[in-house]
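Each chain, letter by letter, is given below.
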Amino acid sequence: MSDLQKTTDILRDLIGFPTVSVDSNLAMIDHLATLLADAGARIDIQHDPTGKKANLFATLGPEGDGGIILSGHTDVVPVADQDWTSNPFVMEERDGALFGRGTCDMKGFIAACVAMAPTFANAITTRPLHFAFTYDEETGCIGGGALVENLREKGLRPALAIIGEPTEMRVIEGHKGCFEYTTHFTGLEGHGSSPDLGVNAAEYAARYVARLLDLKDRLRARAPADSRFDPPWTTINTGGIHGGVAHNVIPGKAHVDWEMRPVQPGDAELVKRDLHDYCANHLLPAMQAVHPDASIRTETWGEVVGLEPMIENAARDLVMELTGANGADTVPFGTEAGLFQTLGMDVVVCGPGSIAQAHKPDEFIARNQLDQCLKMLHRLTERL
Ligand SMILES: [Zn+2]
């Protein structure tokens, strides 16, 4: 059976596991663990605190440092409110493309890696090859964070990681981070005719947004001269301002949804410190002078760290060689790559399928994308 046929068969099984982020991924993890164990891999299943989800870390070849990680997330985005031509959890082939939720983001890559496992197992002599399949990437890289933490605790230092997010097999060496927050303001309701007797949560939220606008300008000025990103600086977006019930009522509650996309870790620290100090020294004292229970609380939705382009990056150089690419690029979407980078590893993002098809109804992956991915993995075999 050809590798492409094997990959397609495995992918069909993986699509049948409806691993939407809110639901368990354990059945799929067990299935992958069985396939990899059959190929001779050592299996380590790492559960989350609820026990309903798990990461799979599997290793072929010798123990120790210096290995290569092939990484992908097992969860998919929901299909609710999407209009699909066929059942999203039953893979269908039409015109050389495979349709189903997760085909491109990113079970196609996982299927290709697992299909190649027996070939890898035969080829490996000198360095370990690891498979890292995670949970809850789509909801803020929770599983990836836990997996990287586990590596840190074990003191295991693989050298390179290839993250197979859909890039149409282009070599990606950088992306911005994505940090999402909701900041809640609790004031004191009152009659609109007596503003001094209440604490107007909407007005404090407005001051907070004004501070975000100041920060936006400061971040623009901090853009690294050699930034590879578009736009080259860290951006902030106010995604929503909510609060209040009527023209003549002082709003007691308000909240601001906002995000930032850091190009360098220092920017995120600057923003967080600045907002913390601004609230602690200015907004809160004024609010609490009227109503001691007034508060400001920031809720974190996700902090996906960026992948910083590096001058020296052995993972990028390797994958450029394997794919024959003559350059590396950056992308606007976030991945788990930056997490692995925090371990001091060289990391690159390269995988089959297009991000344009991800998260959409009728998500698909073209068979020739899987074929290109398998070619890359075959050439990788020669380096093991
Ligand atoms: Zn993805």
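1. Comments concerning the sheet that holds strand β13 (residues 253-261)
Inference 1: Reading across the sheet, the four strands line up as β11-β13-β9-β14 and stay open at both edges, with antiparallel pairing between neighbours. This sheet does not close on itself; its edge strands, each paired only once, are β11 (235-243) and β14 (295-304). Taking each pair of neighbouring strands and ignoring which way they run, the sheet shows an average axis angle of 15 degrees.
Inference 2: The pairing of β11 with β13 spans eight bridges and is classified as antiparallel.

2. Topic: the coordination of the zinc ion
Inference 1: In the first shell of the zinc ion, the protein supplies H73 (NE2), D105 (OD), E165 (OE) and E165 (OE), at 1.9 to 2.6 Å from the metal.
Inference 2: One chain supplies every donor for the zinc ion, spaced along it as H-x31-D-x59-E. Of the two residues, H73 sits in strand β3 (residues 68-73) while D105 sits in helix α3 (residues 103-115), which places them 32 residues apart along the sequence. The pair formed by H73 and D105 is uniform in burial state, with each residue classed as buried.

3. Describing the side chain of T335
Inference 1: Tracing the chain through its elements places T335 in the loop between β15 (329-331) and α9 (337-341).
Inference 2: For T335, a relative accessible area of 1% corresponds to the buried category.
Inference 3: In terms of polar contacts, T335 uses its side chain to reach the side chain of H175, at 2.8 Å.
Inference 4: A distance of 2.9 Å separates the side chain of T335 from the backbone nitrogen of A337, its partner in a polar contact.
Inference 5: In contact with T335, not counting residues within four places along its chain, are E137, C141, E165, H175, V304, V305 and V349.

4. Notes on the layout of surface pockets
Inference 1: The volume enclosed by the largest pocket comes to roughly 400 Å³.
Inference 2: Looking at the largest pocket, it is lined by 19 residues, and the ones nearest its centre are E137, E138, C178, V304 and G334.
Inference 3: Elements with a contribution of two residues or more to the lining of the largest pocket: β9 (178-186) and β14.
Inference 4: Counting residues per element, the lining of the largest pocket draws most heavily on β14, at three residues.

5. Quick notes on the environment of N150
Inference 1: Here N150 is to be found in helix α5 (residues 142-154).
Inference 2: As for N150 and Q46, which are separated by 104 residues in sequence, their C-alpha atoms are 8.7 Å apart.
Inference 3: The contact partners of N150, leaving out residues within four places of it in the chain, are D44 and Q46.

6. Structural notes on the pattern of salt bridges
Opposite charge on two side chains allows them to pair when their charged atoms are near.
Inference 1: Under the defined criterion, the tally for this structure stands at 20 salt bridges.
Inference 2: Close ionic contact of E259 with R261 constitutes a salt bridge, the shortest N to O distance being 3.0 Å.
Inference 3: Here the salt bridges share partners, and the residues they tie into one network are E173, R228, R316 and D317.

7. Observations concerning empty space enclosed by the protein
Inference 1: Taken as a whole, this structure holds one cavity of 30 Å³ or more when the rule is applied.
Inference 2: Lining the largest cavity are T19, V20, S21, D23, N25, K53, T74, D75, Y135 and D136.
Inference 3: Here the residues of the lining of the largest cavity are counted per class, giving two nonpolar, four polar and four charged.

8. Description of unusual backbone geometry
Inference 1: In the segment running from D105 into M106, the intervening peptide bond is cis, with an omega of -10 degrees.
Inference 2: Relative to the elements of secondary structure, M106 occurs in helix α3.
Inference 3: Cis peptide bonds are those with omega within 30 degrees of zero, and the linkage from D230 to P231 qualifies with -10 degrees.
Inference 4: Topologically, P231 is positioned in the loop between α6 (201-221) and β11.
Inference 5: With phi around 55 degrees, C141 is a residue other than glycine that occupies positive phi space.
Inference 6: Note on placement: C141 falls in the loop between β6 (129-134) and α5.
Inference 7: A relative accessible area of 6% places C141 in the buried class.
Inference 8: Non-glycine residue H359 carries a positive phi angle of around 65 degrees.

Reading the values: the criteria
- Residues numbered from 1 in each chain as written.
- Predicted model: local features only at pLDDT ≥ 70, side-chain atom pairs only at ≥ 80, totals over all residues.
- Heavy atoms only, no water.
- Pairing = 2+ DSSP bridges.
- Helix = DSSP H or I, 4+ residues; strand = E, 2+ residues; numbered from the N terminus.
- Axes fitted to C-alpha atoms, helices over the stretch in contact; angles between N-to-C directions.
- Donors = N, O, S within 2.8 Å, 3.2 Å for Na, K, Ca; no water.
- Buried < 20%, exposed > 50% of the residue type's maximum accessible area, 1.4 Å probe, protein only.
- Polar contact = N/O pair within 3.5 Å; in protein donor to acceptor, adjacent residues only side chain to side chain.
- Contact = heavy atoms within 4.5 Å.
- 1 Å grid on protein atoms, 1.4 Å probe; cavity = no way out; pocket = protein on both sides within 12 Å on 5 of 7 lines; lining within 4 Å.
- Points joined across faces, edges and corners; volume = space filled by probe spheres on them.
- Salt bridge = Lys/Arg side-chain N within 4 Å of Asp/Glu carboxyl O.
- Nonpolar A, V, L, I, M, F, W, Y, C, P; charged D, E, K, R; others polar.

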